[in-house]
Amino acid sequence: MSHTNQIWIMHVDMDAFFAAVEQRDNPDYRNRPVVVGARPGGRGVVATCSYEARRFGVHSAMPISEAWRRCPGAVYLRPDMRRYAAVSRQIMQMLGEISPLVEPVSIDEAYLDVSGQERLIGPPQEIARQAKARILEAVSLSCSVGVGPNRLIAKLASESGKPDGLTVVGPGQVEAFLDPLPVSELRGVGRRTGRILDRLGIAKVRQLRGYPLQMLIQHLGEKAGRSLYAQARGMASHRVGVRSARKSISKETTFAEDVRQQSLLRSRLQRLSAEVGRLARYKGLSGQVVTLKLRLAGFETHTRQRCLVSPVDTDDLIFATAWQLYQESQLVGRPVRLIGVGLSDFEHGPQSEDLFEATPERQMVRQRRKQVFKTLDEVAAKFDSTLLTRGFYGKGK
């Protein structure tokens, strides 16, 4: 069978990326359980862990206290994002040599459209084999690769072969590949949807495919019902290289102990606001909605939002809004476990001018503020610092 006109999407997923980099760079960590994330004894979660640690039941997003309980003998490390990002850039550059259509979706995974590469490289199996070999040669790390007629099948294929896997699912093999998979493998099946499917007696994708669309919509809602109906039939997008606009930028921190002190909360919120502002400016975005997130004891979580008159991208305005939301929240004085700030409802470009207030004096002040933040961003980039912030003024202790 000729696949000359067949669409082939490849998904490349690095195996236990952060932990694998640590094991590669430190021989003492090899063949040992390695957990990258928060420090034991504190709060926070596992970012990733080696496959040796996974044998003890440790997994990503697990509370670090539980990881320690299950595997106290593991090597526990804080993430070194600068080093991981450098390795990621090497990988993405190499993938660009295989296909001009590469879409990184995170630091350790990417989609490639390899349609038509058969003439240059060979069949999908050979393209995937070469991708794995080139990555291993370039960065001495293993990855799992899946190839299929669309993004969904490629992603599921790469997941099915982990670690160090290579799985190709042809157009005529899609339903046979999907049939034995648990429905929990499909996109959008969380706890709530999983419970509903369980009540309906749907455990495998094969069973899901037997349900009419209207029945799924009735039980799951319009969006989820249609999505799962399509996924059960292997229907999904094959577009690569076109990313939807970022919906929000947010930063948060979890304290080692619950915090009541206003000065500490204020200081931490200033730093988080600076990180959000810096990332927004780097992305060329300004947002009109500022969100404050607070988590109290017992994981009681509250969010507050404010829609501003015009979009912003500067640390001081983000912080001032978030701090005001906190002061008005009726939660002041209660112990805080986690605090975070977010910016959303974006428009591209710097914060807009108010045409009714754009006097020469105001324009001069805004230009100076713009230059201040530009300088801060340049210095932060040069020294890879997230600690440099502008002084903040305003009420609050």
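The chain has the name DNA polymerase IV in an unreviewed UniProt entry, where Candidatus Endoriftia persephonae is given as its organism. Quoted verbatim from the Sequence similarities (unreviewed entry) field of the UniProt record, the comment on the chain reads "Belongs to the DNA polymerase type-Y family." As stated in UniProt under Subunit (unreviewed entry), the record for the chain gives "Monomer."

Asks: How would you summarise the packing of helix α1 (residues 17-25) against helix α4 (residues 81-96) if you had to cite specific residues and measurements?
Replies: Two elements in contact, α1 and α4, have axes whose closest approach is 10 Å; the angle formed by their N-to-C orientations is 95°. With respect to each other, α1 and α4 are oriented roughly perpendicular. Facing α1, whose interface residues are Phe17, Phe18, Val21, Glu22, Arg24 and Asp25, α4 presents Met81, Arg83, Tyr84, Val87, Ser88 and Ile91. Of the residues belonging to the contact of α1 with α4, the class tally is seven nonpolar, one polar and four charged.

Asks: Account for the UniProt feature "active site" (unreviewed entry) in the chain, with residues named and values stated.
Replies: Within the UniProt annotation, "active site" (unreviewed entry) is assigned to Glu109. With respect to the secondary-structure elements, Glu109 resides in strand β6 (residues 109-113). Look past the residues within four positions of Glu109 in its chain and what remains in contact with it is His11, Val12, Asp13, Met92, Pro104 and Lys155. Engagement of the side chain of Glu109 in a polar contact is seen with the side chain of His11, the distance being 2.6 Å.

Asks: Explain the nonpolar core residue by residue, including any values.
Replies: The biggest cluster of nonpolar side chains holds 33 residues, and the ones touching the most others in it are Met10, Val12, Phe17, Ile91, Leu95, Ile135 and Leu141. Broken down by secondary-structure element, the contributors of at least two residues to this core are β1 (9-14), α1, β2 (34-37), β4 (75-77), α4, β6, α5 (124-139) and β7 (143-148). No other element matches α4, which puts six residues into this core. In this structure Ile91 touches Met14, Phe17, Ile135 and Val139, once residues within four positions along its chain are discounted. If you look at the next biggest cluster of nonpolar residues, it comprises 27 residues, including Val276, Val290, Leu294 and Leu343.

Asks: Go over the sheet that holds β2, please, and point to the residues and values.
Replies: One open sheet accounts for three strands, arranged β3-β2-β4; its pairing is mixed. Two strands bound the open sheet, and with one partner strand each, they are β3 (46-49) and β4. The average angle at which neighbouring strand axes cross in this sheet is 25°, direction not considered. Of the pairings in the sheet, the one linking β2 to β4 comprises three bridges and is parallel in character. Residue pairing across strands places Val34 opposite Val75, the latter belonging to β4.

Asks: An account of a positive patch on the surface is requested, with residue identities and associated values reported.
Replies: A contiguous patch of positive charge on the surface is contributed by Arg191, Arg192, Arg195 and Arg199. Its place among the elements puts Arg191 in helix α8 (residues 191-199).

Asks: Can you explain the pairing of strand β11 (residues 301-312)? Please cite residues and give values.
Replies: Relative to β11, strand β10 (residues 285-296) runs antiparallel, the two sharing eight bridges. Paired with Val289 across the strands is Cys307, a residue of β11.

Asks: Can you explain the confidence of the model for the chain? Please cite residues and give values.
Replies: Scored by pLDDT, the chain comes out at a mean of 86, with 85% of its residues at no less than 70. β7 holds the highest mean pLDDT among the elements of the chain, 98, whereas helix α14 (residues 360-383) holds the lowest, 53. In this model, residues 348-360 is a region of pLDDT below 50 whose contacts with residues beyond four sequence positions or in other chains number 22 contacts.

Asks: Account for the pattern of salt bridges, with residues named and values stated.
Replies: Throughout the structure, instances matching the rule amount to 21 salt bridges. Between Lys155 and Glu109 there is a salt bridge; the shortest N-O distance is 2.9 Å. Residue Lys155 is located in helix α6 (residues 151-160), and its partner Glu109 is located in strand β6; the two are separated by 46 residues in the primary sequence. Take Lys155 and Glu109: they sit in the same class, and that class is buried. Overlapping salt bridges bring together Glu22, Arg24, Asp25, Asp80 and Arg83 as one network.

Asks: Could you give an account of the packing of aromatic side chains, naming the residues involved and the relevant values?
Replies: The tally for this structure, following the rule as stated, stands at six aromatic pairs. Between Phe17 and Phe18, the aromatic rings sit 5.9 Å apart at their centres with planes inclined by 50°, giving tilted as the arrangement. An identical accessibility class is assigned to Phe17 and Phe18; each is buried. Consider the rings of Phe18 and Tyr84, whose centres lie 4.4 Å apart with planes at 15°: the pair is stacked. Taken together, the residues span a long stretch of sequence, with Phe18 in helix α1 and Tyr84 in helix α4 at a distance of 66 residues. For the pair Phe18 and Tyr84, one class covers both residues: buried. An aromatic cluster is built from Phe17, Phe18 and Tyr84, whose rings are joined through pairwise contacts. When the ring centre of Tyr229 is taken as reference, the NZ or CZ atom of Arg233 above it lies at 3.6 Å.

Asks: I'd like a description of unusual backbone geometry, backed by residues and values.
Replies: Of the consecutive residues Lys162 and Pro163, the connecting peptide bond is found in the cis state with omega at -5°. With respect to the helices and strands, Pro163 occurs in the loop between α6 and β8 (166-168). We note that Asn31 has phi near 65°; this positive angle belongs to a residue other than glycine. Its relative accessible area of 68% is what places Asn31 among the exposed residues. Of note in the backbone geometry, Ala61 takes a positive phi value of approximately 75° without being a glycine.

Definitions and cut-offs
- Here the residue numbering is sequential within each chain, running from 1 through the sequence in written order.
- Residues qualify for local features only when their pLDDT is at least 70, as the model is predicted, and side-chain atom pairs are given and counted only at 80 or more; totals for whole chains, interfaces and linings, by contrast, use all residues.
- To get the side-chain values, take all heavy atoms of the structure and skip hydrogens and water.
- UniProt positions are given in the numbering used here, feature names are shortened, and annotations may be inferred rather than shown by experiment.
- Interaxial angle, 0 to 180 degrees, is taken between N-to-C directions of lines fitted to C-alpha atoms, where a helix line uses only the stretch in contact.
- Per the convention used, a helix needs a DSSP run of H or I reaching at least four residues, while a strand needs a run of E reaching at least two, with both numbered from the N terminus.
- Under this scheme an angle from 65 to 115 degrees is roughly perpendicular, one under 35 degrees roughly parallel, and one over 145 degrees roughly antiparallel; angles in between are oblique.
- Whether two residues are in contact is decided by their heavy atoms, any of which lying within 4.5 Å being enough.
- Asp, Glu, Lys and Arg are counted as charged, while Ala, Val, Leu, Ile, Met, Phe, Trp, Tyr, Cys and Pro are counted as nonpolar; the rest, among them Gly, fall into the polar class.
- Pairs of N or O atoms are called polar contacts if they sit within 3.5 Å, as long as, within protein, a hydrogen donor faces a hydrogen acceptor (for residues adjacent in sequence, only side-chain-to-side-chain pairs).
- We define a nonpolar core as any set of buried Ala, Val, Leu, Ile, Met, Phe, Trp, Tyr and Cys residues linked to one another through side-chain atoms lying within 4.5 Å.
- Remark: exposure states derive from per-residue accessible area (1.4 Å probe, protein chains only) relative to the maximum for the residue type, with buried under 20%, exposed over 50%, and partly exposed in between.
- Two strands are counted as paired when DSSP detects at least two bridges linking them.
- Like-charged residues are merged into a patch within 9 Å and nonpolar side chains (Val, Leu, Ile, Met, Phe, Trp, Tyr) within 5 Å, provided each residue has over 30% relative accessible area and no salt bridge.
- Each accessible area is a Shrake-Rupley result for a 1.4 Å probe, and residues are judged covered by the shown protein chains and nothing else.
- Any Lys or Arg side-chain nitrogen located within 4 Å of an Asp or Glu carboxyl oxygen qualifies as a salt bridge.
- Counted charges follow a simple rule, with Lys and Arg positive, Asp and Glu negative, and His plus the chain ends left uncounted.
- We put the charge of a Lys on NZ, of an Arg on CZ, of an Asp on CG and of a Glu on CD.
- The pLDDT score gives, residue by residue, the confidence of the prediction method on a 0 to 100 scale.
- Only Phe, Tyr and Trp rings take part, Trp by its six-membered ring, and two of them pair if their centres are within 6.5 Å. Stacked means planes under 30 degrees apart, edge-to-face means over 60, and tilted covers everything else.
- Here, a charge over a ring means that NZ of Lys or CZ of Arg falls within 6 Å of the ring centre while also lying within 35 degrees of the ring normal.

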